[in-house]
Amino acid sequence: MMRFPRWMHKLYAYLLGYFWMSCTICSDMWGGHEWGENQTLRTSWAGGVGVCPNCKERVKVINDKFFKENPSPPVYVRHEA
Ligand SMILES: [Zn+2]
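Residues numbered from 1 in each chain as written. Predicted model: local features only at pLDDT ≥ 70, side-chain atom pairs only at ≥ 80, totals over all residues.

In this structure, Phe19 sits in the loop between helix 1 (6-16) and strand 1 (20-22). For the pair Phe19 and Gly31, spaced 12 residues apart in the sequence, the C-alpha separation amounts to 5.5 Å. Excluding its chain neighbours within four sequence positions, the residues that come into contact with Phe19 are Ala13, Gly31 and Gly32. (Helix = DSSP H or I, 4+ residues; strand = E, 2+ residues; numbered from the N terminus. Contact = placed C-beta atoms within 7 Å.)

This is the structure we're talking about:
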């Protein structure tokens, strides 16, 4: 796959309305159009923040640790009488 220079990614994100922000882990700038699988750093069971494509491996390790240390929350079921 051809790799585009970062300035082209920035322009693409700007023109198509994607975000352009620094990665939470490495601080590199990246765009919303690059967000894919295994690029969400868990901050809770219901939430997380996106990280750049270069941090996929690191985020996987951190998330695995998160899920191991934070067992799933209880599920509440409402029973109708
Ligand atoms: Zn990163």
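The buried fraction of helix 1 amounts to 0 of the 11 residues, a small share that puts the element mostly on the outside. Directly beyond the C-terminal end of helix 1, a positive phi value near 80° is found at Gly17. (Buried ≥ 20, exposed ≤ 12 C-beta atoms within 10 Å, placed from the backbone.)

So, on to the nonpolar core. Of all hydrophobic cores here, the largest spans 5 residues; its members are Trp30, Val51, Cys52, Cys55 and Val59. Among residues more than four places away in sequence, those in contact with Val51 are Cys23, Thr24, Ile25, Gln39, Leu41 and Val59. (Core = buried A, V, L, I, M, F, W, Y, C linked by C-beta atoms within 7 Å.)

For the rest of this paragraph, the subject is unusual backbone geometry. Here the phi dihedral of Ser27 falls at roughly 75°; this positive angle occurs in a residue that is not glycine. Residue classification places Ser27 among the exposed positions, given that 8 C-beta atoms sit within 10 Å. Residue Asn38 is not a glycine yet carries a positive backbone phi of 60°. Note that Asn38 resides in the loop between strand 2 (29-31) and strand 3 (40-42). Take Asn38: there are 12 C-beta atoms within 10 Å of it, and that puts it in the exposed class.

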